[in-house]
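# Coordinate inspection notes
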Amino acid sequence: MKRRFIVVMGSQDLSSRRPLLTRIISSSFYLSHGIRRDVTLEFYLWDAKRRIVFQGGSLKHVHVDEASLIGIIRKIEARIPVASRKIKIHDGITLEGSVEFGDEPGFIIDEHGTPLELVISKITGSPVFIIPLHNTLPNDVRENQRVKVTSKPKQPDVVIAILNMKLDRLYL
């Protein structure tokens with residue numbers, strides 16, 4: 001089962017939250033024995049109208065260590081001002097320019113939402129989880145079902161790790 005995680009954030013978060021972003025990437029893709037090929041991770045930069053897409057099925061030569069992931073984030077940062085079209089940053093990583101968030105169907109992770117356990121068994125197809133890095137979402141985000149993953153708010157990397165574990169149990 002394919003799964004997609006969309007982290008909504010501002011472009012300034014690329015430089016100010018690098019360690020967290022590396023943990024988000026690691027939580028999304030890395031298994032003890034390889035990379036999750038069924039995951040797509042997107043960072044939607046609402047203020048710059050850019051989307052960074054990591055395709056698990058195409059990722060190559062991306063290592064789990066923070067230093068190499070920060071190097072990739074720096075490459076992305078350097079290309080944001082000139083990204084008016086889709087640019088390949090690395091194998092399996094693209095930067096898309098001038099994108100709108102649009103009507104993304106899926107689940108918004110919210111500490112006041114319905115507990116995930118009540119909806120997870122009803123998930124069909126390839127779920128999309130929208131995870132705001134801050135507690136707010138841009139105005140152009142479609143209103144979706146809000147779900148909470150844990151009883152107390154957690155950082156996005158922890159939320160993604162828990163989602164992957166719960167979805168693995170459901171579909172294995």
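Scroll up to find the structure.
The text that follows walks through the structure, step by step, so that each part is easy to find. Throughout this description, residue numbers start from 1 for each chain and increase along the sequence as written. With pLDDT at 70 or above as the cut-off, local features in this predicted model cover only qualifying residues; side-chain atom pairs require 80 or more to be listed or tallied, and sums for whole chains, interfaces and linings still use all residues. Side-chain numbers here rest on the full set of heavy atoms in the structure, without hydrogens or water.

Another point: the overall build of the protein. On a plain count of helices and strands, the protein comes out with five helices and ten strands. Only C-alpha atoms enter the radius of gyration; for comparison, a globular chain is expected to reach 2.2 Å times N to the power 0.38, where N is the number of residues. Relative to the globule expectation of 16 Å for 172 residues, the C-alpha radius of gyration of the protein, 15 Å, shows essentially globular dimensions. Along the first, second and third principal axes, the C-alpha set of the protein runs to 45 × 40 × 25 Å. Residue exposure (1.4 Å probe, protein chains only): buried if accessible area is under 20% of the type maximum, exposed if over 50%, otherwise partly exposed. In the protein, which comprises 172 residues, the share counted as buried stands at 51%. Any two residues whose heavy atoms approach within 4.5 Å are treated as being in contact. Counted over contacts in the protein with a minimum sequence separation of 6, partners at least 24 positions apart contribute 72%. The method behind every accessible area is Shrake-Rupley, applied with a 1.4 Å probe, and residues are considered shielded solely by the protein chains displayed. As displayed, the protein offers around 8,600 Å² of accessible surface, 52% of which is attributable to carbon and sulfur atoms. Here a strand is any run of E in DSSP of at least two residues, a helix any run of H or I of at least four, and the numbering for each starts at the N terminus.

We now examine the sheet that holds strand 4 (residues 39-45). Ordered in space as 6-7-5-4-1-9-8-10, the eight strands form an open sheet in which the pairing is mixed. Only two strands of the sheet have a single partner each, and these edge strands are strand 6 (87-90) and strand 10 (145-148). Averaged over all pairs of adjacent strands, the angle between their axes in this sheet comes to 35°, without regard to strand direction. The sheet contact formed by strand 8 (residues 107-115) and strand 10 spans five bridges and is parallel. Among the inter-strand pairings, F107 is bridged to a residue of strand 10, identified as Q145. Note on geometry: axes are lines fitted to C-alpha atoms, helical ones only across the stretch in contact, with angles between N-to-C directions running from 0 to 180 degrees. Its contacts with the sheet put helix 2 (residues 18-29) on strand 1 (3-9), strand 4 and strand 5 (50-55), and the angle it makes with strand 4 is roughly 155°. The sheet contacts of helix 3 (residues 66-79) involve strand 5, strand 6 and strand 7 (93-96), and relative to strand 6 the element is tilted by about 155°. Each pair of strands is called paired provided DSSP finds at least two bridges between the two strands.

The nonpolar side chains of soluble globular proteins are, as a tendency, buried together. Counting residues in each nonpolar core, the largest one holds 45 residues, and the members touching the most others are L41, F43 and F54. In this structure F54 touches I25, F29, V39, T40, L41, F43, L59, I76, G92 and I93, once residues within four positions along its chain are discounted. What we call a nonpolar core is a set of buried Ala, Val, Leu, Ile, Met, Phe, Trp, Tyr and Cys residues that are connected through their side-chain atoms within 4.5 Å.

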